[in-house]
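Secondary and tertiary structure notes
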Amino acid sequence: MVFKWIGLVALGLALASCSGEGFTSHTRQFSGVWLYEFEGSTFVEGATEIPTERPAAEEMDWLEWADWPDLENLMEKRLGNGDCYTVQPFLVTFVGRRTHHPFGGAGHLGLWRSTVTVQRPISAKRLGPSFCYDR
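Summarised in this report is the structure supplied together with it. (Residues numbered from 1 in each chain as written. Predicted model: local features only at pLDDT ≥ 70, side-chain atom pairs only at ≥ 80, totals over all residues. Heavy atoms only, no water.)

**Thoughts on the overall build of the protein**
Assigned secondary structure in the protein consists of two helices and six strands. Element order for the protein, N to C, with α for helix and β for strand: α-β-β-β-β-α-β-β. With an accessible surface of roughly 8,100 Å², the protein has 56% of that area assigned to carbon and sulfur atoms. (Helix = DSSP H or I, 4+ residues; strand = E, 2+ residues; numbered from the N terminus. Areas by Shrake-Rupley, 256 points an atom, 1.4 Å probe, with all protein chains shown as cover.)

**Re the layout of surface pockets**
Taken as a whole, the largest pocket encloses approximately 170 Å³ of empty space. Classifying every residue of the lining of the largest pocket gives eight nonpolar, two polar and three charged. (1 Å grid on protein atoms, 1.4 Å probe; cavity = no way out; pocket = protein on both sides within 12 Å on 5 of 7 lines; lining within 4 Å. Points joined across faces, edges and corners; volume = space filled by probe spheres on them. Nonpolar A, V, L, I, M, F, W, Y, C, P; charged D, E, K, R; others polar.)

**What about the nonpolar core?**
The biggest cluster of nonpolar side chains holds 12 residues, and these are Phe-30, Trp-34, Phe-43, Leu-63, Trp-68, Leu-71, Met-75, Phe-90, Val-92, Phe-94, Val-116 and Val-118. Broken down by secondary-structure element, the contributors of at least two residues to this core are strand E2 (28–37), strand E5 (88–100) and strand E6 (114–126). The biggest single contributor to this core is E5, with three residues. Those residues within four positions of Met-75 in sequence are excluded, and the remaining contacts are Trp-34, Tyr-36, Trp-65, Gln-88, Phe-90 and Arg-126. In terms of nonpolar packing, the next biggest core, distinct from the first, is built from 11 residues, Ala-57, Trp-62, Ala-106 and Tyr-133 among them. (Core = buried A, V, L, I, M, F, W, Y, C linked by side-chain atoms within 4.5 Å. Buried < 20%, exposed > 50% of the residue type's maximum accessible area, 1.4 Å probe, protein only. Contact = heavy atoms within 4.5 Å.)

**Things to note about the packing of aromatic side chains**
Inspection of the entire model under this criterion finds nine aromatic pairs. Arranged with centres 6.1 Å apart and planes meeting at 70 degrees, the rings of Trp-68 and Phe-94 form a pair that is edge-to-face. You can see Trp-68 sitting in the loop between strand E4 (61–64) and helix H2 (69–74) and its partner Phe-94 sitting in strand E5, a full 26 residues away along the chain. Summarising the burial analysis for this pair, Trp-68 and Phe-94 share the class buried. When the ring of Phe-131 is compared with that of Tyr-133, the centres are 4.9 Å apart and the planes differ by 80 degrees; the resulting orientation is edge-to-face. (Phe/Tyr/Trp six-rings, centres within 6.5 Å; stacked < 30°, edge-to-face > 60°.)

**Section: the side chain of Thr-115**
Positionally, Thr-115 belongs in strand E6. Sequence-distant contacts of Thr-115, that is, excluding residues within four places in its chain, are made with Trp-62, Glu-64, Arg-97, Arg-98, Thr-99, His-101, Ala-106 and Gly-107.

**Remarks on the pattern of salt bridges**
By the definition in use, this model includes six salt bridges. Among the ionic pairs, Glu-45 bridges to Arg-98, the shortest N-O distance being 2.6 Å. In this pair, Glu-45 sits in strand E3 (residues 40–45) while Arg-98 sits in strand E5, placing the two residues 53 residues apart along the sequence. On the basis of relative accessible area, Glu-45 is assigned to the partly exposed category, the value being 34%. Look at Arg-98 and you get buried, because its relative accessible area is 10%. One continuous salt-bridge network, built from bridges that share partners, spans Arg-28, Glu-45, Asp-61, Arg-98 and Arg-113. (Salt bridge = Lys/Arg side-chain N within 4 Å of Asp/Glu carboxyl O.)

Nothing here speaks to function; it is all geometry.
Right, dumping it as structure tokens:
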């Protein structure tokens, strides 16, 4: 009987991951560093400073937001010069939800482990100039 339940739970996880839906947590407040770049939107929950090394996408969250004028006003329009696609670092606080993708599937090419969706922005502050991790 136990193996039957374990099998059903595993099947549920697999189907949720394949559907792209995943499992969504409750609404709560988030804060951390958001690293915005070309084809990247990495959210490092709990961070207050720019990570010294590029975080691995599969260990981080993809940040998704629809309307955040304060943040949009802080963003640079140009993301690189061909040598590198620059990273724009921001300290952000917002109310939102996390959708877990147990087998990956969030963000660009499905590389991130989960999606954190902003429902209500609270604050956004630029942490410094754009930079490249690859240099």
